[in-house]
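Structure assessment
Residues per chain, in single letters:
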Amino acid sequence: MSAAVNSRSGEQPSQAERAYLTLRDLILTLQLPPGAPVQEEPLSGELGIGRTPFREAIKRLEAESLVAIYPRRGTFVTEVNITDHALIADVRRRLEGHAARRAAERATDAERSELDELRALTEDLGNDQSVIMDVDARVHRTIYHCTHNRYLEGTLGQYYNLALRIWHLFFDRLPNVSDHVAEHSELLKAIIAADADGADRIAVAHVDDFEQSIRQAI
């Protein structure tokens, strides 16, 4: 069992943050599938996570609706309710456009260079699922960070995680997935160019396209 641990801080994550990121990515990539028990003893040992950081991570994941804690039964990965996807998309449609606008307005020169590096990745994806999903996640989370609004970044990160798990679940049924992620190229160009209106418009269209693809797959 493995998971990629990503931190936007540029510093080594704390034990609690590492525990959260590790467990989160196991859930999002379905290595811990919907309904699976999240057992402290075997998982903390296998992943090298201390008991206290593990429990802190579980509380955070519960707040983000990725795990559910049942008294006397234990902790389980939440089920995917596909009818929730339209509700998630409704929130993301508003917030993704706003985040793209703020990133276009506020990103530093260094951040625009980072976004340009990600833009190059979106244009040469191939068909490897793990690569496609990793690039998509990096693009979204980097844009959120470039808003310089930790509340917006945190809220969008939570909703993106819920959408990403659904994407993993239906990946094999979706056509032209690499093309969907390649759409980020135009979004990133708009943000880099400080085109706030264009970035907003492209981001909203991207969410709508993703929702339509999921709806056709189910």
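**What to know about the nonpolar core**
Formed by 60 residues in total, the largest nonpolar core has its most connected members in L23, L61, I143, W167 and I191. With nine residues, helix 7 (residues 150-170) is the largest single contributor of residues to this core. Ignoring anything within four residues of it in the chain, the contact list for I191 reads A100, A103, A104, R112, L115, I143 and A199.

**What about empty space enclosed by the protein?**
A complete count under the given rule lists three cavities of 30 Å³ or more for this structure. In this structure, the largest cavity encloses a volume near 60 Å³. If you trace the largest cavity, you find it lined by R92, D136, H140, Y160, A163, L164, W167, H180, H206 and F210. Only helix 6 (129-146), helix 7 and helix 10 (196-217) provide two or more residues apiece to the lining of the largest cavity. Per-element tally for the lining of the largest cavity: the top contributor is helix 7, with four residues.

**Side note on the pairing of strand 1 (residues 67-70)**
Here strand 1 pairs with strand 2 (residues 74-77) via four bridges, running antiparallel. Across the sheet, residue Y70 finds its bridge partner in strand 2, namely G74. The turn linking strand 1 back onto strand 2 is made up of three residues, and R72 within it adopts a positive phi angle of 70 degrees.

**What to know about the side chain of E211**
Tracing the sequence through the fold places E211 in helix 10. In this structure E211 comes out as buried when scored by relative accessible area, which is 10%. Once residues within four sequence positions are removed from consideration, E211 is found in contact with H85, A86, A89 and R93.

Calculation notes
- Residues numbered from 1 in each chain as written.
- Predicted model: local features only at pLDDT ≥ 70, side-chain atom pairs only at ≥ 80, totals over all residues.
- Heavy atoms only, no water.
- Core = buried A, V, L, I, M, F, W, Y, C linked by side-chain atoms within 4.5 Å.
- Buried < 20%, exposed > 50% of the residue type's maximum accessible area, 1.4 Å probe, protein only.
- Helix = DSSP H or I, 4+ residues; strand = E, 2+ residues; numbered from the N terminus.
- Contact = heavy atoms within 4.5 Å.
- 1 Å grid on protein atoms, 1.4 Å probe; cavity = no way out; pocket = protein on both sides within 12 Å on 5 of 7 lines; lining within 4 Å.
- Points joined across faces, edges and corners; volume = space filled by probe spheres on them.
- Pairing = 2+ DSSP bridges.

Read these as layout, nothing more, since geometry by itself doesn't imply function.
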